[in-house]
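In case you want the letters, here they are:
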Amino acid sequence: MNVVASYQYETLQVRVVDNILTVTLNRPNKKNAMSFQVINELITVAERIGKDKTIRAVILNGAEGTFCAGIDLGDLNHPKNQAFAIWELIKPWQSSFQRVCLVWRDLPVPVIAVLEGYCIGAGLQLALACDVRISHPDCQLSIMEAKWGLVPDMGLTQSAFGVVREDVLKELAMTARIINANDGKELGLISHCSETPLEQAQQLAAEFAERSPDAVLASKRVINAMYEQPATTLYKEKIWQIKMMIGRNRKLALRKAKQASTVFSKRQFR
């Protein structure tokens, strides 16, 4: 085993072994919830990987048995971050929330997500942008945004296309239902279920590394091209998220999460 490098970020651990790079979300006290700092560091690491031609595959996982429990709502709702969040939604190009997921789809190497514990909301959108998802059978999965009166806006229109059937995706997004990985595999969210997902991911990454790196890249690019979506879909994600945030039912959704008897007002938008 050839350990080339190991370095620590504030919220990530990065390790390279035999030209296979592992990125570990490292906020176990928050179930690896995605804060603004996590978003910035993930984008930075991905951009560096894209420039390193020695890397043959990437494994993305979470510390202490959990992948990612979603966006860090405390961070997102903190007054100091409101201006930044609004700018990300109104700027005419990819938001950081979209880029933190889609940057992995665009890397010139295969990316394997290792899912354990919770893979919810932002976590599932991040996983869907990876090339392969290997999950422990007990992992809990959800497109959770509807529970908070929001819409998935982290590149789901791009990353889920060709991975999950339209009716399945609608049902999961509209209900915010939590399912386990075995059910997720049947629905197409998960590539493989394994009692030892990290070990299986390492074996698959080593198998990728046995092939020509240019052939692996070409396969990823050609197959991704089969499922390319116009950039306008990302714009629609942002427009609808703005509507959700200013809409009257958003506050009611937050209340309903604590008080089930809360009743929504009539539909506001068309």
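Located above this text is the structure these notes cover.
Everything in this summary refers to the structure shown in the same document. Note that the structure is predicted; figures quoted are calculated from it, not measured.

The rules we used
Residue positions are counted from 1 within each chain, in the order its sequence is given. Predicted model: local features are reported for residues with pLDDT of at least 70 only, side-chain atom pairs are reported and counted for 80 or more only, and whole-chain, interface and lining totals are derived from all residues. With hydrogens and water set aside, each side-chain value is computed from the structure's full complement of heavy atoms. Note on aromatic pairs: the rings of Phe, Tyr and Trp (six-membered ring only in Trp) are paired at centre separations within 6.5 Å, and the planes decide the class, stacked below 30 degrees, edge-to-face beyond 60, tilted for the rest. Here a strand is any run of E in DSSP of at least two residues, a helix any run of H or I of at least four, and the numbering for each starts at the N terminus. Relative accessibility thresholds used throughout: buried, under 20% of the residue-type maximum; exposed, over 50%; partly exposed, between the two (1.4 Å probe, protein chains only). Cation placement over rings: the criterion is NZ of Lys or CZ of Arg within 6 Å of the ring centroid and within 35° of the ring normal. In this description, strands pair whenever DSSP reports at least two bridges between them. Residues enter a nonpolar core if they are buried and are Ala, Val, Leu, Ile, Met, Phe, Trp, Tyr or Cys, with the set joined through side-chain atoms within 4.5 Å. Two residues form a contact once any of their heavy atoms are found within 4.5 Å.

With respect to the packing of aromatic side chains
For step 1, the next point in the chain: Using the criterion set out here, one finds four aromatic pairs in the structure.
For step 2, the next point in the chain: On the numbers, 6.3 Å between centres and 75° between planes, the contact of Phe161 with Tyr227 is edge-to-face. Of the two residues, Phe161 sits in the loop between helix H6 (156-159) and helix H7 (166-175) while Tyr227 sits in the loop between helix H10 (213-226) and helix H11 (232-246), which places them 66 residues apart along the sequence.
For step 3, the next point in the chain: Residue classification places Phe161 among the partly exposed positions, given a relative accessible area of 39%.
For step 4, the next point in the chain: Between Trp240 and Phe269 the ring centres are 6.3 Å apart and the planes differ by 90°, which places this aromatic pair in the edge-to-face class. Of this pair, Trp240 sits in helix H11 while Phe269 sits in the segment after helix H12 (248-258), and the two are 29 residues apart along the sequence.
For step 5, the next point in the chain: The exposure class of Phe269 is partly exposed, given its relative accessible area of 23%.
For step 6, the next point in the chain: The ring of Trp240 is capped by Lys243, whose NZ or CZ atom sits 4.1 Å from the centre of that ring.

What about the sheet that holds strand E8 (residues 140-142)?
For step 1, the next point in the chain: Strand order across the open sheet formed by three strands is E6-E8-E9, with mixed pairing between neighbours. Looking at the sheet topology across the chains shown, the edges are occupied by strand E6 (118-120) and strand E9 (179-180).
For step 2, the next point in the chain: Alignment of E6 against E8, held across three bridges, turns out to be parallel. Each residue of the ladder has a partner; that of Ile120, found in E8, is Ser142.

With respect to unusual backbone geometry
For step 1, the next point in the chain: Residue Asp18 is not a glycine yet carries a positive backbone phi of 50°.
For step 2, the next point in the chain: Note that Asp18 resides in the loop between strand E2 (12-17) and strand E3 (20-25).

Let's talk about the nonpolar core
For step 1, the next point in the chain: Judged by nonpolar contacts, the single largest core of 56 residues is most densely connected at Val23, Leu42, Ile49 and Trp104.
For step 2, the next point in the chain: For this core, the secondary-structure elements that each account for two or more residues are E2, E3, helix H1 (36-51), strand E4 (57-62), helix H4 (96-105), strand E5 (111-115), helix H5 (122-128) and H7.
For step 3, the next point in the chain: Of all the elements, H1 adds the most residues to this core, at eight residues.
For step 4, the next point in the chain: Leaving out residues up to four positions away in the same chain, Val23 has contacts with Leu12, Gln13, Leu42, Val45, Ile49, Val58, Ile59, Leu60, Asn61 and Trp104.
For step 5, the next point in the chain: Residues Ala57, Ile59, Val132 and Ala205 belong to the second largest nonpolar core, which totals 10 residues.

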